[in-house]
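Given next are the chains, with one letter for each unit.
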Amino acid sequence: MHKDIAEILVSEAEIEDICVKLGEELTKAYEGKTPLLVGLLNGCIPFMAQLIKHIKIPMEMQFMAVSSYHGGIASTGDVKIKYDLDHSVAGRDVLIVEDIVDTGSTLKVITELLKYRGAKSVKVVTLLDKPEGRKVTFIPDYIGKTIPKKFVVGYGLDYQERYRNLPYVGVLKPEVYEK
Ligand code: 5GP
């Protein structure tokens, strides 16, 4: 285990089980459709790559980059689009792929935006959910695992752009960000 990690919350094996289960659920839910998966960069990358291997229907993918943390360990609630989609979502069944939902601000803003742009449906799949952190009403449609209100890193999740490459999700030792 990495020296800056206090405990592992979701192991590599558990992440694979979650992706298999979510992939099966999404395959059934979108049968007969061609969903457009919209990944929120950079955190979605490992999860999206592993999840799509278990989706057994035609699908497309695009990416957006949004920020609400601005380098710290708490959301500012101020959602900025840093990189936008390059194709229209009008008439599409959109499935947003997110690493973690905390306050809910990011996904509330992005789902409303994509509906406003004419998507036929907008749903959200998230690897992790921290419902105790909610500041706005938001319930993801598909959840990999519900976790306590702790700051986690790994498997796409960063602290100041580091730790994204850890193969598991772990709790960062507070002394790392209290330094
Ligand atoms: P929300 O808008 O729901 O507060 O936050 C969503 C975004 O905040 C996530 O995409 C992620 O980038 C970041 N975030 C929320 N909780 C955590 C966490 O525990 N660890 C890390 N590294 N990022 C988090």
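Remember, it's a predicted structure, so these values are computed and weren't measured experimentally.

Trainee: Quick question: what am I supposed to make of the pattern of salt bridges here?
Mentor: Any two side chains of opposite charge can pair, on the condition that their charged atoms come close. For the coordinates displayed, the defined rule picks out nine salt bridges. Taking the shortest distance from any N to any O, the salt bridge between Lys150 and Glu7 comes out at 3.1 Å. You can see Lys150 sitting in the loop between strand S7 (142-146) and strand S8 (152-153) and its partner Glu7 sitting in strand S1 (residues 5-10), a full 143 residues away along the chain. Members of the salt-bridge network, linked through shared partners, are Asp158, Glu161 and Arg164.

Trainee: I would appreciate a short explanation of the packing of aromatic side chains in the present structure.
Mentor: Remark: the centre distance and the inter-plane angle together describe each pair of aromatic rings, the angle taken between the planes. If you walk through the whole model with that rule in mind, you get three aromatic pairs. Where Phe151 meets Tyr177, the ring centres are 6.0 Å apart and the plane angle is 75°; that geometry is what we call edge-to-face. You can see Phe151 sitting in the loop between S7 and S8 and its partner Tyr177 sitting in helix H4 (residues 174-178), a full 26 residues away along the chain. Taken together, the ring pairs in this structure connect Phe151, Tyr159 and Tyr177 into an aromatic cluster. Between Arg162 and the ring centre of Tyr163, over which it is positioned, the NZ or CZ distance is 5.0 Å.

Trainee: Would you take a moment to explain helix H3 (residues 105-116) for this structure?
Mentor: One turn of an α-helix holds 3.6 residues; hence residues three or four places apart share an orientation. Between its terminal C-alpha atoms H3 stretches 17 Å, which fits the 16 Å expected from 12 residues at 1.5 Å a residue. In this fold, the buried residues of H3 make contact with strand S2 (36-41), strand S3 (60-67), strand S4 (80-83), strand S5 (93-101) and strand S6 (121-129). Directly after H3, the chain includes Gly118, whose backbone phi takes a positive value near 100°.

About the criteria used
- Residue numbers run consecutively from 1 along every chain, following the written order of its sequence.
- Per-residue local features of the predicted model are confined to residues with pLDDT of at least 70, and side-chain atom pairs are confined, for both listing and counting, to 80 or more; whole-chain, interface and lining totals are unaffected and use all residues.
- Where side-chain values are given, they derive from all heavy atoms of the structure, hydrogens and water being excluded.
- By definition here, a salt bridge exists when the distance from a side-chain nitrogen of Lys or Arg to a carboxyl oxygen of Asp or Glu is within 4 Å.
- Runs of E in the DSSP output that reach at least two residues are strands. Runs of H or I that reach at least four are helices, and both are numbered from the N terminus.
- Geometry of aromatic contacts follows a simple scheme: Phe, Tyr and Trp rings, the Trp one being its six-membered ring, pair when their centres are within 6.5 Å, and the pair is stacked under 30 degrees between planes, edge-to-face over 60, tilted otherwise.
- Note on geometry: a ring has a charge over it if NZ (lysine) or CZ (arginine) is within 6 Å of the ring centre and within 35 degrees of the ring normal.
- What a helix is expected to span follows from its residue count: subtract one and scale by 1.5 Å.
- Any two residues having at least one pair of non-hydrogen atoms within 4.5 Å are treated as being in contact.

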